[in-house]
Amino acid sequence: MASEGLANELLSDLMPTVQEMSRSMQNFGFPDYAIFITMLVSCGAVGVYFGFIKKSSGEDEYLVGGRNMSTFPVSLSLIASFISGISLLGTPTEVYVYGVTYLFVGGGVVLMGIVMTTVYLPVFHDLKLTSTYEYLERRFDKKTRLFGSVLFTIGIITWLPIVIYVPALAFNQVTGINVHVITPFVCIVCIFYTCVGGLKAVVWTDVIQTVVMFGAILLVIVKGTLNLGGMEVVIQRNLESGRLELPDTDWNPLTRHTIWALIFGGFGHWLQTSAVNQNMIQRYLSLPTLVAAKRAVWIFIFGALSLVGACGYAGMLIYATYHECDPLTTKLARAKDQLLPLLVMDILGDYPGLPGLFVAGVFSAALSSLSTGLNSMAAVVIEDFIKPFRKNAFSPKVADLLMKLTVVTLGTLCAGLVFVVERMGTHVLQLSMSLGSITNGPSLGIFTMGILFPWINSMGALIGGASGLGVMAWLSITAQAAISSGHLRFDEKPVSTEGCTYTFPKVENLLLFSPPNAVLNGTDEVIVSEPWALYRLSYLWYTLAGALVSMSVGLLVSIVSFQDTKKLDPLLVAPFVRRYLKARTHNVDEENMHRMISTSQSAEEVPAKH
């Protein structure tokens, strides 16, 4: 027994430590840096082309590309904008830690496409808006428009720092360079081409970035699968660990992933992000016809789901590769969202240039989302925060200066907020959806009230939206604080460290990483007191919950202060609601006509009796 322990001790002395292993994998060489810098220079060059050579002529050209852009590049831009580094790194982490059930959100995405193309998109396209929040003024009033714009601003300021943080994590894993060294550098490149080139530069850089993104993720999954001996090995190892499974079918909203939360909760999240969000709608409005915009929606859905599916498979690949030595337990990956970059260096590190291609792909995803947010924010500042309060129009030079100043200011602010994101304590996919719901739910609720409920008035929309904002801010921030402190935890899939070929520090004290409310019982088992049930509500329901709270309050307030639907412009509601209003108005007119005829006949009969 003693000799066996001595042999194990000698063997461990011969093994490299986890720190040595980590340093040996950080072989990001000159070819990798060259590819990465080439991608950044290409994006800058597109900005120079549209900013100086083919210069935008006017505000409409800068913000919506003159409304004559082609469907395919806009569709690729939509994919690139939506699939940020959050999805690229967050989805594999989600699958590795919790299993593949998240991928069933695809059902909600298809449902979103049907509803968006029949209900929301026709309204925005017929009105030919620049900012989606112009709609709120036309449908309700200036106060509601301003409130919607404030929601968008808060959402952008909470979302973009996460977008910037994710690629910096990847770069840190493969090079060892500090997160806060790389983020300002990347932000400067993005601010430059967004500032100079406007929407056309953003769209065409997105095309480059989408190609790089797809290329990077396909390279990883093909090489990784071949290294393991084929797809059968990947599937088998994930089946054995319970990661390859169907979602629960129970109706409990507290269960993290049920089929209902994934389809209907996912539908709510994607609907807000795609159908009423300035980031996405601004691109649809750059297309010349509604038919072209609808076609772009379905190309976007196909491309986005393909990329999410590929990222999900990458998560399965990570587990199949590290099924005997979990890099999160050993701290080979210092953060959950560094798992995919770790795999990349493991399988592609010996091939000069390929790790650089992957990092370029992750940064492409981030840059596209960042540039989209900055360009959309410029539109909102000009159209919603400044123009409505000015009697005289800006000169083109002043408007151009204001838009560029907005881009620079917001980009700098978001780079600084990366310090806050770093301390949030959960993986980025859930974090972005949870924090985003604070404004996403009320925003979806206000637009839905306007488009589907013609009798809801401005007071109902404003009070409803404010109520939804308050409820979701309380729920999301409190739940996120519980996750960060360790009070709220979710069941994770099993991992092992039995096959590790390097040494790492073992955690013996059970309370070392336990939350403050944990205690030991008599058998040395950690017991954690449960947080309030509502905090355990699945994050997938957050956006839909915020929308329902806003609409419920809005309906109640509007019942008290009724609005006459006859005065409503039919273009402000969904096409099928227009038909209902038209039929109702026709019936009312007929009733009024019959009443007038009856009154007239009665008046004629009265003298006859005398």
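Each chain has its residues counted from 1, running along the sequence as written. Side-chain atom pairs in this predicted model are given and counted only at pLDDT of 80 or more, local residue features only at pLDDT of at least 70, and totals for whole chains, interfaces and linings cover all residues. Here the side-chain values reflect all heavy atoms present in the structure, with hydrogen atoms and water set aside.

A. Quick peek at the packing of helix α11 (residues 231–240) against helix α14 (residues 290–321). Two numbers describe how α11 lies on α14: the axes approach to 9 Å, and their chain directions differ by 80°. One finds that α11 runs roughly perpendicular with respect to α14. Contacts between α11 and α14 involve Met231, Val234, Ile235, Arg237 and Asn238 from the first element and Tyr313, Met316, Leu317, Tyr319 and Ala320 from the second. Lys, Arg, Asp and Glu make up the charged group, whereas Ala, Val, Leu, Ile, Met, Phe, Trp, Tyr, Cys and Pro make up the nonpolar group; the residues left over, Gly among them, are polar. Here the contact of α11 with α14 is composed, by residue class, of eight nonpolar, one polar and one charged. Fitted lines through C-alpha atoms give the axes, limited to the stretch in contact for helices. The angle between two N-to-C directions lies from 0 to 180 degrees. Each helix corresponds to a stretch of at least 4 residues labelled H or I by DSSP, and each strand to a stretch of at least 2 residues labelled E; elements are numbered beginning at the N terminus. The scheme is simple: roughly parallel for angles under 35 degrees, roughly antiparallel for over 145, roughly perpendicular for 65 to 115, oblique for anything else. The contact criterion used throughout is that any non-hydrogen atoms of two residues lie within 4.5 Å.

B. Region of the structure containing the pattern of salt bridges. Salt bridge, as used here: a side-chain nitrogen of Lys or Arg that lies within 4 Å of a carboxyl oxygen of Asp or Glu. In the structure shown here, the tally under the stated rule is five salt bridges. Arg256 is paired through a salt bridge with Glu94; the nearest N and O atoms lie 2.8 Å apart. Of this pair, Arg256 sits in the loop between α11 and α12 (259–275) while Glu94 sits in helix α6 (residues 85–98), and the two are 162 residues apart along the sequence. Here Arg256 and Glu94 have matching classes, each one buried. Put simply, Lys336 and Glu492 hold a salt bridge, and the shortest N to O gap is 3.3 Å. Here the residue Lys336 occupies a position in the loop between α15 (327–330) and α16 (339–348), and Glu492 occupies one in the loop between α21 (458–485) and β1 (518–520), the gap between them amounting to 156 residues. Three exposure classes are used, based on accessible area relative to the maximum for each residue type with a 1.4 Å probe and protein chains only: buried under 20%, partly exposed in between, and exposed over 50%. On the basis of relative accessible area, Glu492 is assigned to the partly exposed category, the value being 45%.

C. Summary view of the state of the cysteines. When two cysteine sulfur atoms lie within 2.5 Å, the pair is treated as a disulfide. Under the criterion given, the structure shown has one disulfide. With a sulfur-sulfur separation of 1.9 Å, Cys325 is cross-linked through a disulfide to Cys500. Its S-S torsion of approximately 100° makes the covalent link between Cys325 and Cys500 right-handed. Of this pair, Cys325 sits in the loop between α14 and α15 while Cys500 is found in the loop between α21 and β1, placing the two residues 175 residues apart along the sequence. Among the residues examined, Cys500 registers a relative accessible area of 11% and is labelled buried.

D. Spatial organisation of helix α18 (residues 396–416). What a helix is expected to span follows from its residue count: subtract one and scale by 1.5 Å. Here α18 contains 21 residues, and its C-alpha end-to-end distance of 31 Å stays within 8% of the 30 Å for a straight helix at 1.5 Å per residue. Of the positions making up α18, those classed as buried are Ala399, Met403, Thr406, Val407, Leu410, Gly411, Cys414 and Ala415. The buried residues of α18 all sit within an arc of 150° when viewed along its axis, so they share a single face. Turned more than 90 degrees from where α18 packs its buried face, Lys397, Leu401, Leu405 and Thr412 sit exposed. The directions from the helix axis to the C-beta atoms are what the arc is built from.

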